[in-house]
Amino acid sequence: AYTRALDAVRRTATYKRLFPTERGLIKGAYSRDAAEEPAASGAALLEGLDTEQRQAFNAGLVSLHLNLGLCASKQGRVQDAHRHASIVLGAEPDNAKALFRRGSASVLHGEFDEALKDLQRAAELQPQDRGIRDELAALHRKMKEHLAVQKIMFQKAFHPSSRKEA
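Just so we're clear, the structure is a prediction, and the values are computed from it rather than from any experiment. (Residues numbered from 1 in each chain as written. Predicted model: local features only at pLDDT ≥ 70, side-chain atom pairs only at ≥ 80, totals over all residues. Heavy atoms only, no water.)

A. View of the nonpolar core. Among the nonpolar cores identified, the biggest contains 16 residues, and Leu-66, Val-88, Ala-98, Val-107, Leu-119, Leu-136 and Leu-139 are the most heavily contacted of them. If you list the elements that add at least two residues to this core, you get helix 4 (51-74), helix 5 (78-91), helix 6 (96-109), helix 7 (112-125) and helix 8 (130-158). The biggest single contributor to this core is helix 7, with six residues. Apart from residues no more than four positions distant in its own chain, Ala-98 is found in contact with Leu-66, Ala-85, Val-88 and Leu-89. (Core = buried A, V, L, I, M, F, W, Y, C linked by side-chain atoms within 4.5 Å. Buried < 20%, exposed > 50% of the residue type's maximum accessible area, 1.4 Å probe, protein only. Helix = DSSP H or I, 4+ residues; strand = E, 2+ residues; numbered from the N terminus. Contact = heavy atoms within 4.5 Å.)

As structure tokens, this is what we get:
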């Protein structure tokens, strides 16, 4: 259901126009019509919408991706959760919920520096949110543990224990 819902939305030209990448398309977005020119048809669809309708459509798609990201993270699909949050941040760079979700996914993936940036920015945007503060505290603990493990690993690499000769 997750994949079918996502694919159905990504096929629309309006979606491709509202969530562009460097080439004007979202990676993985495609259309059933091979002859369709996504940028042109998306522009035509958006021209028919006034600013309020465009904002409402965009808000719906942002909400869709936030929810898909939440579903993906609950299913243990960390990369998908990260990707959905990144798509939202492409449309709304200061979306605290997307920053939190991408930061949480980065923590699970072991990308602590990226997670720290996202979670700190989310905390700046929503300082009252306890979930963000808790995730930041957990991240700091994990980073400290990771540093301790690295320190031990490098000590063993550069100062190997003496070996007994047989």
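Structure shown, so let's carry the discussion forward.
B. Looking closely at the pattern of salt bridges. What the rule picks out here adds up to six salt bridges. The closest approach of N and O atoms between Asp-94 and Arg-121, which form a salt bridge, is 2.9 Å. With Asp-94 in the loop between helix 5 and helix 6 and Arg-121 in helix 7, this pair connects stretches of sequence that are 27 residues apart. The class of Asp-94 is partly exposed, set by a relative accessible area of 48%. By relative accessible area, Arg-121 is classed as partly exposed at 30%. With its nearest N and O atoms 2.8 Å apart, the salt bridge here joins Arg-102 to Asp-118. In this pair, Arg-102 sits in helix 6 while Asp-118 sits in helix 7, placing the two residues 16 residues apart along the sequence. Side by side, Arg-102 and Asp-118 carry an identical accessibility label, which is buried. One network of salt bridges, in which partners are shared, links Arg-77, Asp-80 and Arg-83. (Salt bridge = Lys/Arg side-chain N within 4 Å of Asp/Glu carboxyl O.)

These figures capture arrangement, not role.
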